[in-house]
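Listed below are the residues making up each chain.
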Amino acid sequence: MPTVTANNLQIEYQSFGSDTAPVILLIMGLGAQLSRWNIELCDALVARGYRVLRFDNRDCGLSSKLDEAGVPDIGRALRSGAPLDAPYSLEDMAADCVGLLDALGIKAAHVVGASMGGAIAQIVAARYPERSLSLTSIMSTSSHPDLPPPTSDAAQALLAPLPAARDRASLVEDAIRRQLAVASPEYPSCPDRLRSQFVEEHERSFHPRGVTRQLAAFLASGDRRALLATIKIPTLVLHGADDPLIPLACGEDVAAHIPGAELRVIDGMAHDFPLALTDVFADAIAAVASRSQR
């Protein structure tokens with residue numbers, strides 16, 4: 001896969017479709033490598049006339065790792081209520097996205113983000129309006145403190161320590177358990193495919209310290225409601241009705257604070273991208289992209 005220098009980091013990315021087609025930039029969530037944007041969705045968006053970019057966020061996959069920044073003690077901050085000292089911010093990660101566009105000579109893109117990536121996409125749309133053609137915020141939040149938290153099972157899946165055994169088999173089983181805790185109840189994943197996905201991800205990159213730094217950036221990001229109110233491009237907020245990690249009320253809040261935003265709720269969807277919903281996702285993203293006036 002190709003790599004570019006963006007925002008003083010090495011960013012690993014993949015491009016699908018014609019270089020002359022309008023660009024959809026896919027921004028993935030916490031600790032998730034670019035492959036979490038499954039190839040079926042990428043192909044479906046290409047079939048609808050778009051060039052698709054997916055990439056590894058900083059501290060993830062094959063992009064630059066920031067180990068020199070240290071590892072924040074998130075648990076202590078949460079227990080004490082003290083401010084969380086994050087080594088970098090979601091604003092920095094949004095700048096990485098724009099840096100990737102710069103490195104590839106892309107003037108503007110349709111910005112699509114999932115979970116933490118949705119929060120980053122919101123920041124790109126608000127801070128870089130000239131680079132953003134449309135916004136699709138998927139299973140994300142405004143991070144307002146009054147919004148409901150994850151369920152206890154989902155929080156455990158997110159925050160539980162890694163298993164004591166750090167061999168590949170144990171880590172893959174742990175990743176599968178965490179994924180199933182937030183998976184869509186009406187659209188179960190193929191067990192063999194799920195296992196294969198996590199084996200491939202583990203072999204490509206295993207970097208838990210980066211996940212901790214990304215989580216610190218997300219938790220320290222603060223309420224974005226005022227920032228959301230400045231977004232003027234066509235916006236879709238896509239959320240699962242059964243999301244246990246970022247509850248539906250969080251997506252509703254995002255849509256309520258972006259002028260003219262469309263909210264689409266998918267029954268039976270939780271906090272993942274079921275293959276059965278590939279065309280639903282692709283049609284929704286393409287529909288909001290088609291409303292762009294640029």
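These remarks concern the structure in this document. From a predicted model like this one, the values you see are computed outputs, not experimental measurements. (Residues numbered from 1 in each chain as written. Predicted model: local features only at pLDDT ≥ 70, side-chain atom pairs only at ≥ 80, totals over all residues. Heavy atoms only, no water.)

Here we look at the overall build of the protein chain
Part 1 of the argument: When its secondary structure is counted, the protein chain shows 11 helices and eight strands.
Part 2 of the argument: Expected size for 294 residues packed as a compact globule is a radius of gyration near 19 Å; at 18 Å, the protein chain falls within 12% of this value.
Part 3 of the argument: Each of the 294 residues in the protein chain was classed as buried or not, and the buried ones make up 54%.
Part 4 of the argument: Averaging the coordinates of the 26 positive side-chain charges in the protein chain and doing the same for the 35 negative ones gives two points 4 Å apart. (Helix = DSSP H or I, 4+ residues; strand = E, 2+ residues; numbered from the N terminus. Rg over C-alpha atoms; globule rule 2.2 N^0.38 Å. Buried < 20%, exposed > 50% of the residue type's maximum accessible area, 1.4 Å probe, protein only. Lys, Arg positive; Asp, Glu negative; His and termini not counted. Charge placed at Lys NZ, Arg CZ, Asp CG, Glu CD.)

Things to note about the sheet that holds strand E8 (residues 262-266)
Part 1 of the argument: Reading across the sheet, the eight strands line up as E1-E2-E4-E3-E5-E6-E7-E8 and stay open at both edges, with mixed pairing between neighbours. Edge strands, defined here as strands with exactly one partner in the open sheet, are strand E1 (3-6) and E8. With strand direction ignored, the average angle separating the axes of adjacent strands in the sheet is 25°.
Part 2 of the argument: Here four bridges tie E1 to strand E2 (residues 9-16), and the two strands are oriented antiparallel to one another. Counterpart to Thr5 in the pairing with E2 is Gln10.
Part 3 of the argument: On the sheet, helix H4 (residues 116-127) packs against strand E3 (23-27), strand E5 (109-114) and strand E6 (132-138) and is oriented at approximately 150° with respect to E5. (Pairing = 2+ DSSP bridges. Axes fitted to C-alpha atoms, helices over the stretch in contact; angles between N-to-C directions. Contact = heavy atoms within 4.5 Å.)

Some thoughts on a nonpolar patch on the surface
Part 1 of the argument: A cluster of nonpolar side chains, Leu78, Leu158, Leu159 and Leu219, forms an exposed patch at the surface whose accessible area comes to about 350 Å².
Part 2 of the argument: By secondary structure assignment, the location of Leu158 is in helix H5 (residues 152-159). (Patch = residues over 30% accessible without salt bridge, like charges linked within 9 Å, V, L, I, M, F, W, Y side chains within 5 Å. Areas by Shrake-Rupley, 256 points an atom, 1.4 Å probe, with all protein chains shown as cover. Salt bridge = Lys/Arg side-chain N within 4 Å of Asp/Glu carboxyl O.)

A short note on the packing of aromatic side chains
Part 1 of the argument: Enumeration over the complete set of coordinates arrives at two aromatic pairs.
Part 2 of the argument: With a centroid separation of 5.1 Å and 50° between ring planes, the pair formed by Trp37 and Phe273 is classed as tilted. Of the two residues, Trp37 sits in the loop between E3 and helix H1 (39-47) while Phe273 sits in the loop between E8 and helix H11 (278-289), which places them 236 residues apart along the sequence.
Part 3 of the argument: Where Phe273 meets Phe281, the ring centres are 5.1 Å apart and the plane angle is 75°; that geometry is what we call edge-to-face.
Part 4 of the argument: Assessed through its relative accessible area of 1%, Phe281 is described here as buried.
Part 5 of the argument: By way of ring pairs, the aromatic residues Trp37, Phe273 and Phe281 are connected into one cluster. (Phe/Tyr/Trp six-rings, centres within 6.5 Å; stacked < 30°, edge-to-face > 60°.)

Let's talk about the pattern of salt bridges
Part 1 of the argument: Counted according to the given criterion, the structure contains 19 salt bridges.
Part 2 of the argument: One salt bridge connects Glu91 with Arg127, and the closest N-O pair in it is separated by 3.1 Å. On the criterion of sequence distance, the pair formed by Glu91 in helix H3 (residues 90-103) and Arg127 in helix H4 is long-range, its members being 36 residues apart.
Part 3 of the argument: For Glu91, a relative accessible area of 33% gives the class partly exposed.
Part 4 of the argument: Assessed through its relative accessible area of 45%, Arg127 is described here as partly exposed.

Things to note about the environment of Thr5
Part 1 of the argument: Mapped onto the elements, Thr5 comes out in strand E1.
Part 2 of the argument: Here Thr5 falls in the exposed class, since its relative accessible area comes to 52%.
Part 3 of the argument: Sequence separation of Thr5 and Leu104 is 99 residues, and the distance between their C-alpha atoms is 9.9 Å.
Part 4 of the argument: Beyond its immediate stretch of four places on either side in the chain, Thr5 contacts Gln10 and Ala103.
Part 5 of the argument: Reaching out from Thr5, the side chain makes a polar contact with the side chain of Gln10 at a distance of 2.7 Å. (Polar contact = N/O pair within 3.5 Å; in protein donor to acceptor, adjacent residues only side chain to side chain.)

As for the nonpolar core
Part 1 of the argument: Leu25, Ile27, Phe55, Leu90, Ile120 and Ile231 are the most contacted members of the largest nonpolar core, which has 42 residues in total.
Part 2 of the argument: Residue contributions to this core peak at eight residues, all from H4.
Part 3 of the argument: Once residues lying within four places of it in the same chain are set aside, the contact partners of Phe55 are Ile11, Glu12, Tyr13, Leu25, Leu26, Ile27, Leu34, Cys97 and Leu100.
Part 4 of the argument: The next biggest cluster of nonpolar side chains, apart from the first, holds 26 residues, and it includes Ile266, Phe281, Ala282 and Ala286. (Core = buried A, V, L, I, M, F, W, Y, C linked by side-chain atoms within 4.5 Å.)

Section: the side chain of Arg178
Part 1 of the argument: In this structure, Arg178 sits in helix H6 (residues 168-181).
Part 2 of the argument: Separated by 2.7 Å, the side chains of Arg178 and Asp174 make a polar contact.
Part 3 of the argument: With near-sequence residues (within four places) excluded, Arg178 lies in contact with Gln156, Ala157, Leu158, Ala160, Pro161 and Leu162.

Points about the pairing of E6
Part 1 of the argument: The buried fraction of E6 amounts to seven of the seven residues, a majority that puts the element mostly inside the structure.
Part 2 of the argument: Sheet analysis places E5 next to E6, joined by six bridges and oriented parallel. Across the sheet, the residue bridging to Ala109 is Ser132, located in E6.
Part 3 of the argument: Running through H4, the crossover from E5 to the neighbouring parallel element E6 is right-handed. (Right-handed = clockwise from strand over helix to strand, strands pointing away.)

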